[in-house]
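Take a look at the letters that make up each chain.
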Amino acid sequence: ILNVEQSPQSLHVQEGDSTNFTCSFPSSNFYALHWYRWETAKSPEALFVMTLNGDEKKKGRISATLNTKEGYSYLYIKGSQPEDSATYLCAFISHTDKLIFGTGTRLQVFP
Amino acid sequence: EPEVTQTPSHQVTQMGQEVILRCVPISNHLYFYWYRQILGQKVEFLVSFYNNEISEKSEIFDDQFSVERPDGSNFTLKIRSTKLEDSAMYFCASMRQRKGELFFGEGSRLTVL
């Protein structure tokens, strides 16, 4: 059974704080790792697609790193804003097209 | 901007009834998925579909579930005989290529009474 874990489960930060979360996934049969942002009452929206060990991607204040050998990815948000409040999901894709979501990290940014 | 559309947005059904959830993926996408989220729980993979056949399915996707792409545009999920525990939000998603990102529909909420 493929297990994709995220930590922490939830996070409350003040506006302006920087924060990061972890996604752990199986290091074997790896094909790609995705990060999604999911706001309440909307559908998940892709942030990053990462495929190579050592990949680092950045979109504005949000960045992500990938370590496929040890099976983890970090998502960083610099200077959190209230509009960053959402659930952040990582998803592991295997070579057989199985895409397994992590448990999610619910971020709440207080003004 | 192209999007994945799902119908119905909400369906209420009696236990034991058949349900069909419909999805129209983005037109040039090749990989299709169904997921579900039971209230308060994590998003669970059900099935992936490529080249007109199932490429992978989870242990949840038993004989009561089936998927079809009957006409090259719709991608349907059928639950033959619904159970109470099938109540969930069902998401369809599509992807143009294996290294691409998933585009999700807005979900179909299924309530089984």
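Everything in this summary refers to the structure shown in the same document. Computed from a prediction, not measured in an experiment: that's the story for all the values here.

Bringing the sheet that holds strand β7 (residues 62-67) of chain A into the picture now. Residue and element names in this part refer to chain A. What the five strands build is an open sheet, ordered β1-β3-β8-β7-β6; its pairing is antiparallel. The sheet is open, and its two borders are formed by β1 (5-7) and β6 (56-59), each paired with just one other strand. Here the strands of the sheet are splayed against their neighbours by 15 degrees on average, with no regard to which way each runs.

Here the focus is the interface of chain A and chain B. Contact residues are listed per partner, giving 22 residues for chain A and 21 residues for chain B. With both sides pooled, the region where chain A packs onto chain B buries about 2,000 Å², and carbon together with sulfur makes up 59% of that total. Looking at the side of chain A facing chain B, the largest losses of area belong to Tyr31, Asp97 and Phe101 of chain A, adding up to 30% of the total buried there. If you look at where chain A meets chain B, you find zero salt bridges.

This part is about the packing of aromatic side chains. Within a pair of aromatic rings, the relevant descriptors are the distance that separates the centres and the angle that separates the planes. All names here are of chain A. On inspection of all chains with the given rule, the structure shows 20 aromatic pairs over all chains. Seen from their ring centres, Phe25 and Phe92 are 5.9 Å apart, and the 25 degrees between their planes marks the pair as stacked. Separated by 67 residues along the polypeptide, Phe25 in the loop between β3 (19-24) and β4 (30-38) and Phe92 in strand β9 (residues 86-94) bring together distant segments of the chain. For the pair shown, Phe25 and Phe92 are each scored as buried.

Attention now goes to the environment of Ile100 of chain A. Residues and elements named next belong to chain A. Tracing the chain through its elements places Ile100 in strand β10 (residues 99-101). On the basis of relative accessibility, which here comes to 11%, the residue Ile100 falls in the buried class. For Ile100 and Asp84, which are 16 residues apart along the polypeptide, the C-alpha to C-alpha distance reads 23 Å.

Okay, the state of the cysteines next. Under the defined criterion, the tally for this structure stands at two disulfides over all chains. A disulfide bridge connects Cys23 of chain A with Cys90 of chain A, and the sulfur atoms are separated by 2.0 Å. An S-S torsion of about 75 degrees defines the bridge between Cys23 of chain A and Cys90 of chain A as right-handed. Residue Cys23 of chain A is located in strand β3, and its partner Cys90 of chain A is located in strand β9; the two are separated by 67 residues in the primary sequence. Cys23 of chain A sits in the buried class, given a relative accessible area of 0%. Judged by relative accessible area, which is 0%, Cys90 of chain A ranks as buried. With its sulfur 1.9 Å from that of its partner, Cys23 of chain B forms a disulfide with Cys92 of chain B. For the disulfide bridge between Cys23 of chain B and Cys92 of chain B, the dihedral angle about the S-S bond is near -60 degrees, and by the sign convention the bridge is left-handed.

The rules behind the values
Residues numbered from 1 in each chain as written. Chains lettered and ligands numbered in written order. Predicted model: local features only at pLDDT ≥ 70, side-chain atom pairs only at ≥ 80, totals over all residues. Heavy atoms only, no water. Pairing = 2+ DSSP bridges. Helix = DSSP H or I, 4+ residues; strand = E, 2+ residues; numbered from the N terminus. Axes fitted to C-alpha atoms, helices over the stretch in contact; angles between N-to-C directions. Contact = heavy atoms within 4.5 Å. Buried area = accessible area lost by both parts, 1.4 Å probe. Salt bridge = Lys/Arg side-chain N within 4 Å of Asp/Glu carboxyl O. Phe/Tyr/Trp six-rings, centres within 6.5 Å; stacked < 30°, edge-to-face > 60°. Buried < 20%, exposed > 50% of the residue type's maximum accessible area, 1.4 Å probe, protein only. Disulfide = S-S within 2.5 Å.

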